[in-house]
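Structural characterization, general
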Amino acid sequence: MEKRRVVITGLGTVNPTGNTVAESWTAVKNGVCGVGPITHYDTADFKVKLAAEVKDFDPAERVDKREARKMARFTQFAVAAAAEAMADSGIDMNAVDATRFATVISSGIGGLPTIEEEHTKGEAKGFDRVSPFFVPMSIANIAAGQVAIRFGLKGMCTSPVTACAGGTNAIGDAFHRIRDGYEDYAICGGTESCISPLGVGGFTSMKALNTATDPDRASIPFDAERGGFVIGEGAGMLVLEELEHAQARGAKIYAEVVGYGATCDAHHITAPAPGGEGGARSMALAIADADIRPEDIGYINAHGTGTHLNDSGETAAIKTVFGDHAYRLAVSSTKSMTGHLLGGAGGVEGVFTALALHDGFLPATINLKVPDPECDLDYIPNVGRAQQVEYAMSDSLGFGGHNAAVIFKRWEG
């Protein structure tokens, strides 16, 4: 089967740096940190005091108020970001075949805060008295389902649940569906919201979170003083479209999607394989899928969580795949600004990577102050860089040994 070309024609996001693409991208270009004190619950008895929360989000602005009450926060984010992306794409659903429009949206954990709330209610009032919407609000696939319902999308609708790799898996899976002829359009990305006592407590007990109290020294990927990630929330959505369909309707094109690789470490439930072996293979597969050379890549939006094992392993993986070119690559972690959105991370980072190519601007790894000998690449420290590259990669790694990488190409049309 002939491989078709796939382009990005719409973007949408809600994340700790802004509630629209324009607001968020401006903040990212200016190196604004979205980390701050947790407001979702009282942290008096918790070790972790900081998170990267979405601020001033009113779901009623983009989601029907009655419907929003039946949605957990992660689904509200997904629908809001999808609405922005769909509007941005300019696609007229009355003019396209809805059975050829896929929905691929990841969430790593789903409606955990809703589970906590309804469990508390059940203990107090009896479990037969929990909300009738409890199950459909909580299940991880419901964000994809709600987006498909909202826009009448009748192609494949699925939710890759691959922890922190999920958003990137969603983009890659949607890309392959269109490239290989199964659909002509897709909305894809990831969403998450689990800044809750149980969610934060769980990550704290496994020593994954940074317990810093200074927002500027909390989410610090690749810094020698890093001590874990900062949990974030939000969603990032991309509309993908087969090139000829996009050109026929005169669509605005942000970038082309050209490569995707996905692997498994088969090593450990939380720790990456030594030397980032599995992540390296996913990057190499994406490069082969794109039919380009490693040295063609000019920028990597890294997973860059701020944990010791991730950052050192990911750096090693980049060196394995790119050799000497690793030191000429620009690499940054936008998690330094957004925190770690778990299943939503790859979607938001996909949005940023597409914009980096479109605008010729590479975002920084902010608050990178103390060099680490293990992490010795060009991480674009502290200040973003006006630089045009031809190809950019976004990669993600998840608990369970999941690895995914997607490659975008600058659009010159």
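In case you missed it, the structure is sitting above this.
An account of the accompanying structure is given in this report. Computed from a prediction, not measured in an experiment: that's the story for all the values here.

Bringing the pattern of salt bridges into the picture now. Going through the model one piece at a time under the given rule, you end up with 23 salt bridges. A salt bridge links Asp-372 to Arg-226; the nearest nitrogen and oxygen atoms lie 2.7 Å apart. Pair noted here: Asp-372 is in the loop between strand 11 (361-362) and strand 12 (385-386) and Arg-226 is in the loop between helix 8 (197-205) and strand 7 (234-242), with a separation of 146 residues, a long-range link. According to the relative accessible area criterion, Asp-372 is buried, its value standing at 11%. Owing to a relative accessible area of 10%, Arg-226 belongs among the buried residues under this scheme. With its nearest N and O atoms 2.8 Å apart, the salt bridge here joins Glu-241 to Arg-249. On the accessibility criterion, Arg-249 (30% relative accessible area) is partly exposed. Several salt bridges share partner residues, and in doing so they unite Arg-4, Arg-100 and Asp-184 into one network.

Moving on, we come to helix 7 (residues 166-179). Look at helix 7: 20 Å from first C-alpha to last across 14 residues, which is about the 20 Å you get at 1.5 Å a residue. Burial analysis of helix 7 places eleven of its 14 residues in the buried class, which makes it a mostly covered element. Listing the buried residues of helix 7 in full gives Gly-166, Gly-167, Thr-168, Asn-169, Ala-170, Ile-171, Gly-172, Ala-174, Phe-175, Ile-178 and Arg-179. Looking one or two places after helix 7, you find Gly-181, whose phi comes out positive at around 95°.

What counts as what
- Residues numbered from 1 in each chain as written.
- Predicted model: local features only at pLDDT ≥ 70, side-chain atom pairs only at ≥ 80, totals over all residues.
- Heavy atoms only, no water.
- Salt bridge = Lys/Arg side-chain N within 4 Å of Asp/Glu carboxyl O.
- Helix = DSSP H or I, 4+ residues; strand = E, 2+ residues; numbered from the N terminus.
- Buried < 20%, exposed > 50% of the residue type's maximum accessible area, 1.4 Å probe, protein only.
- Expected span 1.5 Å × (residues − 1).

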